Amino acid sequence: MPLKIRIKPEQKFFAGGAVLKNVGTKPADLLVLSDGPVLRQDYMMNIERSNESDAASVYFLLQMIYLFKGKGKPLDDLVIETIDKFSALHPHLRANVMEIVGSLRAGESFKALKLGQELLADQQAATAKTSAAQPVSA
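Scope of this entry: the structure provided in the associated data block.

What counts and how
Residues numbered from 1 in each chain as written. Predicted model: local features only at pLDDT ≥ 70, side-chain atom pairs only at ≥ 80, totals over all residues. Heavy atoms only, no water. Helix = DSSP H or I, 4+ residues; strand = E, 2+ residues; numbered from the N terminus. Buried < 20%, exposed > 50% of the residue type's maximum accessible area, 1.4 Å probe, protein only. Contact = heavy atoms within 4.5 Å. Areas by Shrake-Rupley, 256 points an atom, 1.4 Å probe, with all protein chains shown as cover. Lys, Arg positive; Asp, Glu negative; His and termini not counted. Charge placed at Lys NZ, Arg CZ, Asp CG, Glu CD. 1 Å grid on protein atoms, 1.4 Å probe; cavity = no way out; pocket = protein on both sides within 12 Å on 5 of 7 lines; lining within 4 Å. Points joined across faces, edges and corners; volume = space filled by probe spheres on them. Nonpolar A, V, L, I, M, F, W, Y, C, P; charged D, E, K, R; others polar. Pairing = 2+ DSSP bridges. Axes fitted to C-alpha atoms, helices over the stretch in contact; angles between N-to-C directions. Polar contact = N/O pair within 3.5 Å; in protein donor to acceptor, adjacent residues only side chain to side chain. Salt bridge = Lys/Arg side-chain N within 4 Å of Asp/Glu carboxyl O.

Considerations on the overall build of the protein
Okay, so step 1: Along the backbone of the protein there are four helices and five strands.
Okay, so step 2: For the protein, the sequential pattern of α-helices and β-strands runs β-β-β-β-β-α-α-α-α.
Okay, so step 3: Viewed in the frame of its principal axes, the protein has a C-alpha envelope of about 50 × 40 × 20 Å.
Okay, so step 4: For the protein, the proportion of its 138 residues judged to be buried stands at 33%.
Okay, so step 5: Considering only contacts within the protein whose residues lie at least 6 apart along the sequence, 52% involve residues at least 24 apart.
Okay, so step 6: Working note: accessible area of the protein is about 8800 Å², and carbon and sulfur atoms make up 57% of it.
Okay, so step 7: For the protein, the distance from the average site of its 17 positive side-chain charges to the average site of its 15 negative ones is 6 Å.

Considering the layout of surface pockets
Empty space left among the atoms is revealed by rolling a probe the size of a water molecule over them.
Okay, so step 1: One number sums up the size of the largest pocket: a volume of about 320 Å³.
Okay, so step 2: Leu3, Gly36, Val38, Tyr66 and Phe110 are, among the 16 residues lining the largest pocket, the residues nearest its centre.
Okay, so step 3: Mapped by element, the contributors of at least two residues to the lining of the largest pocket are strand S1 (3-7), strand S5 (38-40) and helix H4 (109-133).
Okay, so step 4: Counting residues per element, the lining of the largest pocket draws most heavily on S5, at three residues.
Okay, so step 5: The class makeup of the residues in the lining of the largest pocket is 10 nonpolar, three polar and three charged.

What to know about the sheet that holds strand S3 (residues 18-21)
Okay, so step 1: Spatially, S3-S2-S5 is the arrangement adopted by the three strands of the open sheet, whose pairing is antiparallel. Where the open sheet ends on each side, the last strands, each with one partner, are S3 and S5. Each adjacent strand pair in this sheet contributes to an overall mean axis angle of 20°, direction not counted.
Okay, so step 2: Of the strand pairs in this sheet, strand S2 (residues 12-15) and S5 are connected by three bridges, and their pairing is antiparallel. Its bridge partner being in S5, Ala15 is matched across the sheet by Val38.

Some points on the environment of Arg94
Okay, so step 1: Turning to its location among the elements, Arg94 is positioned in helix H3 (residues 94-105).
Okay, so step 2: The partly exposed category is assigned to Arg94, whose relative accessible area is 36%.
Okay, so step 3: Each C-alpha atom, one on Arg94 and one on Ile83, is 9.6 Å from the other, the two residues being 11 residues apart in sequence.
Okay, so step 4: Look past the residues within four positions of Arg94 in its chain and what remains in contact with it is Asp84 and Ser87.
Okay, so step 5: A distance of 2.4 Å separates a polar atom in the side chain of Arg94 from a polar atom in the side chain of Ser87.

Focus on unusual backbone geometry
Glycine aside, the phi torsion of most residues is negative, and most peptide linkages are trans.
Okay, so step 1: Positive phi is not limited to glycine here, since Glu10 has a value of about 70°.
Okay, so step 2: Inspection of the secondary structure puts Glu10 in the loop between S1 and S2.
Okay, so step 3: By relative accessible area, which is 46% here, Glu10 ends up partly exposed.

A short note on the pattern of salt bridges
Okay, so step 1: Under the defined criterion, the tally for this structure stands at five salt bridges.
Okay, so step 2: Where Asp29 meets Arg6, a salt bridge forms, and the shortest distance between an N and an O atom there is 2.7 Å. Pair noted here: Asp29 is in strand S4 (residues 28-32) and Arg6 is in strand S1, with a separation of 23 residues, a long-range link.
Okay, so step 3: Exposure remark for Arg6: the relative accessible area of 48% places this residue in the partly exposed category.
Okay, so step 4: A salt bridge links Glu10 to Lys21; the shortest N-O distance between them is 3.1 Å. In this pair, Glu10 sits in the loop between S1 and S2 while Lys21 sits in strand S3, placing the two residues 11 residues apart along the sequence.
Okay, so step 5: The exposure class of Lys21 is partly exposed, given its relative accessible area of 42%.

Geometric descriptors of this kind do not, in isolation, establish any biological role.
So, in structure tokens, the structure goes:
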């Protein structure tokens, strides 16, 4: 099924192994006719950012699953094992993790990636809340 996407000016996106950029001054409408992975810039995370938090590490792995889907099940199993370890460290996010694992097992890697983005936002919000509650020392 074709996918229609709109890319903002100066926005990057990943399509089928290549990173592309809209260098125009207007949004570009694209129609992707093949079944390859496509990611807009707001979903892309580079490896340096993957070390920012536990959730960022999970998100980066989910991104790799999506981008290289069909390349082999061992990667899926490694990601599921890593996500399970993450949920042990962050039990309040267990429901989110179970939903991600369910999506991966169902072969819905983009859905898992979107859920991973929510997981990342939830952990960032929790970290910000914890930081705000701690007193500032002089």
